[in-house]
Amino acid sequence: MSKPLVLSLLAISIVGLLFSLWPTRSVYTTEIASPDHGDLLPIEAHSVHFENEYTVLEHHAGRVVARRTSELGFERSGRLERVFVDIGAEVESGHLLAILDTRVLRASEREAVARLQQATARKELARRTHARRRELQRGNHLSSQHLDEAQAELEISSAERSAARAALERIRLELELSELRAPFAGQVAARSLDEGTIVAPGRSVLRLVESAELEVHVGLPTATAAKLEVGGLFHFEIGRNLHSGVLRSVVAEVEASSRTILAIFELEGDVTELNTGDLARLSVEQRQPTRGAWLPIAALGEGRRGLWSAFALVPDPANHDAKAHRVERRQIEVLHTEANRAFIRGTLVDGDRVIAAGLNRVVPGQRVRIEAPE
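Summarised in this report is the structure supplied together with it. The shown structure was predicted, so the numbers you read here are calculated from the model rather than taken from an experiment.

1. Considering the sheet that holds strand β8 (residues 179-181)
Strands belonging to one sheet form pairs held by backbone hydrogen bonds; the direction of such a pair is parallel or antiparallel.
Step number 1: Spatially, β8-β7-β5-β10 is the arrangement adopted by the four strands of the open sheet, whose pairing is antiparallel. Strand pairing shows two members of the sheet lacking a second neighbour, β8 and β10 (198-199), which therefore form its edges.
Step number 2: One ladder, built from three bridges, connects strand β5 (residues 78-83) with strand β7 (residues 96-100); its direction is antiparallel. Paired with Arg82 across the two strands is Ile99, which belongs to β7.

Here you go:
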């Protein structure tokens, strides 16, 4: 057998083998795909439920302050004898904080005591003299003139004794004012003077900050402050902890620079861990009377003219499967957003269903199948 004939037979055998392995379906046969739901894109749907209002959680910054803060000083001048406390000291109400030099006042007190004793003795003598002369006058042994003189002497001695007593009380009051005592329980926040200083009346020696009762001062917008109820309970985040406070008052004056109104809250519970000056964040719920619905953030897509859009799901009449739907674009307006949802209004109606996520996978007019629960 010749070589060209062998090669031809080998080629014919290879072609026959290939035809035997080819699929039996004819390449010229055309199939029309049936509307099998397995060909539809599975999506997750969200049901739209309209409400007549929504709640906004506002956050406002405030500051922890002491309910009372006093710059303590003496009401009289003198040399500062001793200061018994220093910065950071915790004191109780009435605690002795500082004193002035009272040596001159002590000497004046002894002198006033002696004068009071002298005036008391004179008054007693005048009283006895008046009593004796009155008895003599009753027996017609003394003229009325002498009785009147005794009466006048008694009144003069009584006035002198009252004056001596008042002088002693004034000196003792000055001695009392030479002592600086805590008007309330608190902590010494500042010390301005040391021993030996000549103190003028009213000059601050110590600053005392009340530690038992703390407040939170918050500047609020006028509209927000108008909706707060005095006596209501509110919550604050101070540091890493949550605290409660009662609204005590709202100052009816707008602060010029910030255009806010001051609201004062009394903190409740244990405040020992707090310090004046700590930052506090107030959380306030505000109800907005607007009709709309909540949608997941992932259900929002870009719209036209600054609006947003959502993909509504419309039943597909060409498919008998109840889960098969067609995608339609609906224009919406976002009124408020939170961490993972938005309150909207627009061309959606109550009961509509929208695609909850994965908007980048679909286009308007596309047929999809609801797989995930609503």
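2. Structural notes on the sheet that holds strand β16 (residues 279-288)
Step number 1: In space, the six strands of this closed barrel follow the order β3-β12-β15-β14-β13-β16, with antiparallel pairing throughout. The average angle at which neighbouring strand axes cross in this sheet is 40°, direction not considered.
Step number 2: Relative to β16, strand β13 (residues 233-238) runs antiparallel, the two sharing four bridges. Within β16, the residue paired with Ile238 across the bridge is Ala280.

3. Some remarks on the packing of aromatic side chains
Step number 1: Considering all chains together, one arrives at five aromatic pairs under this definition.
Step number 2: With a centroid separation of 4.5 Å and 35° between ring planes, the pair formed by Tyr54 and Phe343 is classed as tilted. Residue Tyr54 is located in strand β3 (residues 54-66), and its partner Phe343 is located in strand β21 (residues 341-346); the two are separated by 289 residues in the primary sequence.
Step number 3: A relative accessible area of 0% means that Phe343 is categorised as buried.
Step number 4: Judged by centre distance (5.1 Å) and plane angle (70°), the ring pair of Trp294 and Phe343 falls under edge-to-face. On the criterion of sequence distance, the pair formed by Trp294 in strand β17 (residues 292-296) and Phe343 in strand β21 is long-range, its members being 49 residues apart.
Step number 5: Trp294 sits in the buried class, given a relative accessible area of 12%.
Step number 6: In this structure an aromatic cluster arises from ring pairing among Tyr54, Trp294 and Phe343.

Criteria and cut-off values
- Residues numbered from 1 in each chain as written.
- Predicted model: local features only at pLDDT ≥ 70, side-chain atom pairs only at ≥ 80, totals over all residues.
- Heavy atoms only, no water.
- Pairing = 2+ DSSP bridges.
- Helix = DSSP H or I, 4+ residues; strand = E, 2+ residues; numbered from the N terminus.
- Axes fitted to C-alpha atoms, helices over the stretch in contact; angles between N-to-C directions.
- Phe/Tyr/Trp six-rings, centres within 6.5 Å; stacked < 30°, edge-to-face > 60°.
- Buried < 20%, exposed > 50% of the residue type's maximum accessible area, 1.4 Å probe, protein only.

So yeah, pure geometry; function would need other evidence.
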